[in-house]
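Below, each chain spelled out in residue letters.
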Amino acid sequence: MWIGFIEFDVLLGDVHSLKGKRSVVRPLVSDLRRKFELSVAEVGHQDLHRRAVVGAGVVGGDVQHVVDVLDRVERYVAARPELELLSARRRLLNSEDQD
């Protein structure tokens, strides 16, 4: 079993409040869940109104499938006009990996 996760550090566009931030982040999280069948959540910068860290995870039977999904998710987030992708950090783990 392969587990892949990715964290996106994003700068939000014309947002001036935490309420405005929610109106951008919630649809992004929802779209990622629905379109790519991922586990997704806002995982950082909750107290900043123009920044967010969104994390997504996927589990698959082979590494190439997991990498392909993470690549598609990254391209999707990078193409969103309402935000700027500052960085994307990813990691792949195998269920047989030793700690």
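Scroll up to find the structure.
Residues numbered from 1 in each chain as written. Predicted model: local features only at pLDDT ≥ 70, side-chain atom pairs only at ≥ 80, totals over all residues. Heavy atoms only, no water.

**Student:** Can you explain the overall build of the chain? Please cite residues and give values.
**Tutor:** When you go through the chain residue by residue, the secondary structure sums to two helices and four strands. Seen in sequence order, the chain has helices and strands lined up from the N terminus as β-α-β-β-α-β. Radius of gyration (C-alpha) of the chain: 14 Å, near the 13 Å computed for a compact globule of 99 residues. If one aligns the C-alpha atoms of the chain with their principal axes, the spans along those axes are about 45 × 25 × 20 Å. Evaluated residue by residue, the chain yields a buried proportion of 33% over its 99 residues. Within the chain, counting contacts between residues at least 6 apart in sequence, those at least 24 apart form 71% of the total. Carbon together with sulfur atoms contributes 50% to the accessible area of the chain, which is approximately 6000 Å² in total. With 15 positive and 16 negative side-chain charges, the chain shows a separation of 8 Å between the mean positions of the two kinds. (Helix = DSSP H or I, 4+ residues; strand = E, 2+ residues; numbered from the N terminus. Rg over C-alpha atoms; globule rule 2.2 N^0.38 Å. Buried < 20%, exposed > 50% of the residue type's maximum accessible area, 1.4 Å probe, protein only. Contact = heavy atoms within 4.5 Å. Areas by Shrake-Rupley, 256 points an atom, 1.4 Å probe, with all protein chains shown as cover. Lys, Arg positive; Asp, Glu negative; His and termini not counted. Charge placed at Lys NZ, Arg CZ, Asp CG, Glu CD.)

**Student:** So what's going on with the nonpolar core? Residues and values would help.
**Tutor:** Core analysis: the biggest nonpolar cluster contains 23 residues, and Leu-32, Leu-38, Val-73 and Val-77 have the highest contact counts within it. Counting residues per element, the ones that place at least two in this core are strand E1 (2-12), helix H1 (18-36), strand E3 (51-60) and helix H2 (63-78). Top contributing element to this core by residue count: H1, with six residues. (Core = buried A, V, L, I, M, F, W, Y, C linked by side-chain atoms within 4.5 Å.)

**Student:** I'd like a description of the packing of H1 against H2, backed by residues and values.
**Tutor:** H2 packs onto H1 with a crossing angle of 145° between their chain directions and a minimal axis gap of 11 Å. In the crossing of H1 with H2, the sense of the turn from one axis to the other is right-handed. From H1, Leu-28, Asp-31, Leu-32, Lys-35 and Phe-36 reach across to H2, where they touch Arg-72, Val-73, Tyr-76 and Val-77. Residue composition of the contact of H1 with H2, by class: six nonpolar, no polar and three charged. (Axes fitted to C-alpha atoms, helices over the stretch in contact; angles between N-to-C directions. Left-handed = near helix turned anticlockwise from the far one by under 90°. Nonpolar A, V, L, I, M, F, W, Y, C, P; charged D, E, K, R; others polar.)

**Student:** So, the side chain of Lys-21: which residues are in play, and what are the values?
**Tutor:** Residue placement: Lys-21 occurs in helix H1. Among the polar contacts listed, one links the side chain of Lys-21 to the backbone oxygen of Arg-51, at a separation of 2.8 Å. (Polar contact = N/O pair within 3.5 Å; in protein donor to acceptor, adjacent residues only side chain to side chain.)

**Student:** Go over the sheet that holds E3, please, and point to the residues and values.
**Tutor:** The antiparallel open sheet is built from four strands, whose spatial order is E2-E3-E1-E4. Both outer strands of the open sheet, strand E2 (39-44) and strand E4 (83-94), are each paired with one neighbouring strand and no more. Strand after strand, the sheet turns through a mean of 20° between neighbouring axes, direction not considered. Pairing geometry for E1 and E4, over eleven bridges, is antiparallel. Considered in E4, the bridge of Asp-9 is made with Ser-87. Contacts from H1 reach E1, E2, E3 and E4 within the one sheet, and its direction differs from that of E3 by about 10°. (Pairing = 2+ DSSP bridges.)

**Student:** Residues and numbers for the pattern of salt bridges, please.
**Tutor:** Within this structure, the stated rule accounts for eight salt bridges. Of the charged contacts in the structure, one is a salt bridge between Arg-90 and Asp-71, with a shortest N-O distance of 2.9 Å. One end of the pair, Arg-90, is in strand E4; the other, Asp-71, is in helix H2, and 19 residues separate them in sequence. A residue is classified by how much of its surface remains accessible, and Arg-90, at 31% relative accessible area, is partly exposed. Within this structure, Asp-31, Arg-34, Arg-80 and Glu-82 form a network of salt bridges that share partners. (Salt bridge = Lys/Arg side-chain N within 4 Å of Asp/Glu carboxyl O.)

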